[in-house]
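Summary of structural features
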Amino acid sequence: MTRVFLRWRNQRLVGVLCGAVLTGLTMPDAFAGDFDGVEAPPSGPPAAKATNTIAFPPGLALGLPRDGNSLAPRDRQLAVNFTQAPAPRVWKVPSAPANSVAFHPEGTRLVSALGDNTLLVWDVAQGKPVLTLKGHTGPVRSAVFSPDGKSIASAGDDGTVRVWDAATGLPKLRLVGTGPALNSVAFRPDGTRLASGGNDKTVTLWEVPTGKKLATFTSGAGAIGGLAFRPDGRHLVSVGGDTVRQFTEVHVWDVAEGRQLAHWKTGGTSLMAVAYSPDGERIATAGGDPETKRAELKIWNATTGQELLALAGHGDSLLTVAFRPQGEQLASGGRDGRLKIWNARTGTETLSVESGTWITSLAFHPDGSQLAVSTIDQTILLYKLEK
């Protein structure tokens, strides 16, 4: 039997935690909050339709669907048709949890940055590691493929950026950062620049393939949690937080001129991840406050810093966020173990899946057909997504 949990917000059903997708149901204005449903029938084949009966508190009157679909009230019960998300492919990481995952531009391979100082390169079709990259002397926090797929860049607690040959796993460059630990690394979309950021509040811009240090950008916030280049490569966004002074900031930098274009505070004490939308017009940030288990997930205007959406539904601080390549959906995950997918235009939660443990990283396949999810229990989950 599969347990189903319905989540309501503003009298509207906004998500189901077992992987079901439900839309179009409205509750009376007098009712608000969260409600846990009853058990569903045994799951069928992937994407098979099933019917679940949800029991509501006594005396609660049910509203009718807005869109006129088949959902209908029956006393204090509701028959709900849902489509179950296909079960993911499960890869077990043999040595240590993966701190980050990233796809090859062609989607044929996946790189994972591990806590045992190594990186694993996986064959996506076979679900097996094909290369192990060794050289870091501390946990590896971030790893990405170059835009042409020929190189892998990684950064970690040893304060270095490493560039590797993606085909052979042999080292190509070793770049020493400005601080003791690096948390994030990103390639510019044209592959000519590499950015790294870490605990010393500094973002460093490197030339590829020479390894020459081109610029450093200093943030007023604490440790740099995440970096992302705008899709046209002109701008770089960094996020960070200061747990002592209790604030977080977003900084947008002009890559060519080396100057700050915009910055704004976001609230919370930690920002761990950032992503540009594929059109470069929006920025998503993820973090929160681990002490109070408060999540913060927001979408901003990339030019003005205006808050466009605040997405509520996670039960603890977040560690990762990613836009789907088509730009209409956003995925998030963190310490509450819930993978959530949102409509990035409206903020509506369209899917929520319980992983059972911390989600450390998310990465969409380049064509948007799959989503890789790494968890702290040495597992990588690969979900097949509907178009």
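Presented here is an overview of the structure given in this document. Nothing here was measured: the structure is a model prediction, and the numbers come from that model. (Residues numbered from 1 in each chain as written. Predicted model: local features only at pLDDT ≥ 70, side-chain atom pairs only at ≥ 80, totals over all residues. Heavy atoms only, no water.)

**Structural notes on the overall build of the chain**
Let me state the cut-off plainly: Helix numbering and strand numbering both begin at the N terminus, where a helix is a DSSP run of H or I of at least 4 residues and a strand a DSSP run of E of at least 2. Throughout, exposure labels follow a simple rule: accessible area from a 1.4 Å probe, protein chains only, divided by the maximum for the residue type, with under 20% read as buried, over 50% as exposed, and the rest as partly exposed. Contact criterion: two residues are considered in contact whenever any of their non-hydrogen atoms come within 4.5 Å of each other.
Secondary structure assignment for the chain yields zero helices and 35 strands. Here the chain holds 387 residues, and the buried ones make up 56% of them. Of the contacts made within the chain by residues no fewer than 6 positions apart, 45% connect residues no fewer than 24 positions apart.

**Quick notes on the sheet that holds strand β10 (residues 109-114)**
For the record, the criterion: Strands are treated as partners if at least two bridges between them are detected by DSSP. Lines fitted to C-alpha atoms define the axes here, with helix axes fitted over just the stretch in contact, and angles between the N-to-C directions of these axes take values from 0 to 180 degrees.
A sheet is described by the order of its strands in space; here four strands give the open sequence β9-β10-β11-β12, paired in antiparallel fashion. Both outer strands of the open sheet, β9 (98-103) and β12 (128-134), are each paired with one neighbouring strand and no more. Along the sheet, successive strands turn relative to each other by an average axial angle of 20 degrees, direction set aside. In this structure, β9 lies alongside β10, joined through five bridges in antiparallel fashion. Residue pairing across strands places A102 opposite V111, the latter belonging to β10.

**Observations regarding the packing of aromatic side chains**
Here is the rule: Any two of the Phe, Tyr and Trp rings considered here, Trp counted by its six-membered ring, make a pair once their centres fall within 6.5 Å; the pair's planes then place it as stacked at under 30 degrees, edge-to-face at over 60, or tilted in between.
Using the criterion set out here, one finds three aromatic pairs in the structure. Aromatic side chains W91 and W122 sit 5.1 Å apart centroid to centroid with 20 degrees between the ring planes, which places their arrangement in the stacked category. With W91 in strand β8 (residues 89-92) and W122 in strand β11 (residues 118-123), this pair connects stretches of sequence that are 31 residues apart. For the pair W91 and W122, one class covers both residues: buried.

**A word on the environment of D200**
Under the convention used in this document: For the purposes of these results, a polar contact is taken to be a pair of N or O atoms within 3.5 Å, where, inside protein, one atom must be able to donate a hydrogen and its partner to accept one; residues adjacent in sequence count only when each atom of the pair is a side-chain atom.
Following the sequence through the fold, D200 ends up in the loop between β18 (193-198) and β19 (202-207). Taking relative accessible area as the criterion, D200 reaches 23% and is therefore assigned partly exposed. Counting along the chain gives 23 residues from D200 to A223, while the straight-line C-alpha distance between them is 5.9 Å. Those residues in contact with D200 that sit more than four places away from it in its chain are T178 and G179. Within the structure, the side chain of D200 is placed 3.1 Å from the backbone nitrogen of T202, a separation counted as a polar contact.

**Concerning the pattern of salt bridges**
The test is simple: For salt bridges, the criterion is a side-chain nitrogen of Lys or Arg within 4 Å of an Asp or Glu carboxyl oxygen.
Tallying each qualifying case throughout the model produces twelve salt bridges. When the shortest N-O distance is used, the salt bridge between R188 and D190 registers 3.7 Å. The class of R188 is buried, set by a relative accessible area of 18%. The class of D190 is partly exposed, set by a relative accessible area of 45%. Of the charged contacts in the structure, one is a salt bridge between D279 and R345, with a shortest N-O distance of 3.7 Å.

**Observations regarding the pairing of β10**
For β10, a buried count of five out of six residues is recorded, marking the element as mostly surrounded by other parts of the structure. In sequence, β9 turns back onto β10 through a hairpin of five residues, with G107 there showing a positive phi of about 80 degrees. With antiparallel pairing between neighbouring strands as the criterion, β10 and β11 make up a hairpin whose turn holds three residues, including N117 at a positive phi of roughly 80 degrees.

**Quick look at the pairing of strand β16 (residues 171-176)**
For strand β15 (residues 160-165) and β16, the ladder comprises five bridges, and the chain directions are antiparallel. Across the sheet, residue V161 finds its bridge partner in β16, namely L175. Turn length for the β15-β16 hairpin, with the two strands adjacent in sequence and antiparallel, is five residues, and the turn residue G169 shows positive phi of about 80 degrees.

**Overview of the side chain of R338**
As for its placement among the helices and strands, R338 is situated in strand β31 (residues 338-343). With relative accessibility at 17%, the residue R338 sits in the buried group. Here the side chain of R338 touches G313 through a polar contact of 3.4 Å, landing on its backbone oxygen.

**Quick look at the sheet that holds β19**
With antiparallel pairing, the four strands of this open sheet are ordered in space as β17-β18-β19-β20. In the strand order of this sheet, the two ends are held by β17 (182-187) and β20 (213-218), each with one partner. The sheet shows a mean angle of 20 degrees between the axes of neighbouring strands, taken without regard to direction. Bridge count between β17 and β18: five bridges; the pairing is antiparallel. Bridge pairing in β18 links A186 to A195.

**Here's the deal with the environment of K212**
Take K212: it is sitting in the loop between β19 and β20. The exposure class of K212 is exposed, given its relative accessible area of 52%. Expressed as a C-alpha distance, the spacing of K212 and L175, which sit 37 residues apart in the sequence, is 8.6 Å. Excluding residues within four positions of it along the chain, K212 makes contact with L205, W206 and E207.

**Digging into the side chain of K298**
Its place among the elements puts K298 in strand β27 (residues 294-301). K298 sits in the buried class, given a relative accessible area of 16%. Apart from residues lying up to four places away in sequence, K298 is in contact with T266, I283, A284, T285, E307, L309 and A310.

**Description of unusual backbone geometry**
With an omega of 15 degrees, the peptide bond running from V208 to P209 counts as cis. Here P209 lies in the loop between β19 and β20. Despite not being glycine, K293 shows a phi value in the positive range, around 60 degrees. Along the polypeptide, K293 turns up in the loop between β26 (282-289) and β27. On the basis of relative accessibility, which here comes to 53%, the residue K293 falls in the exposed class.

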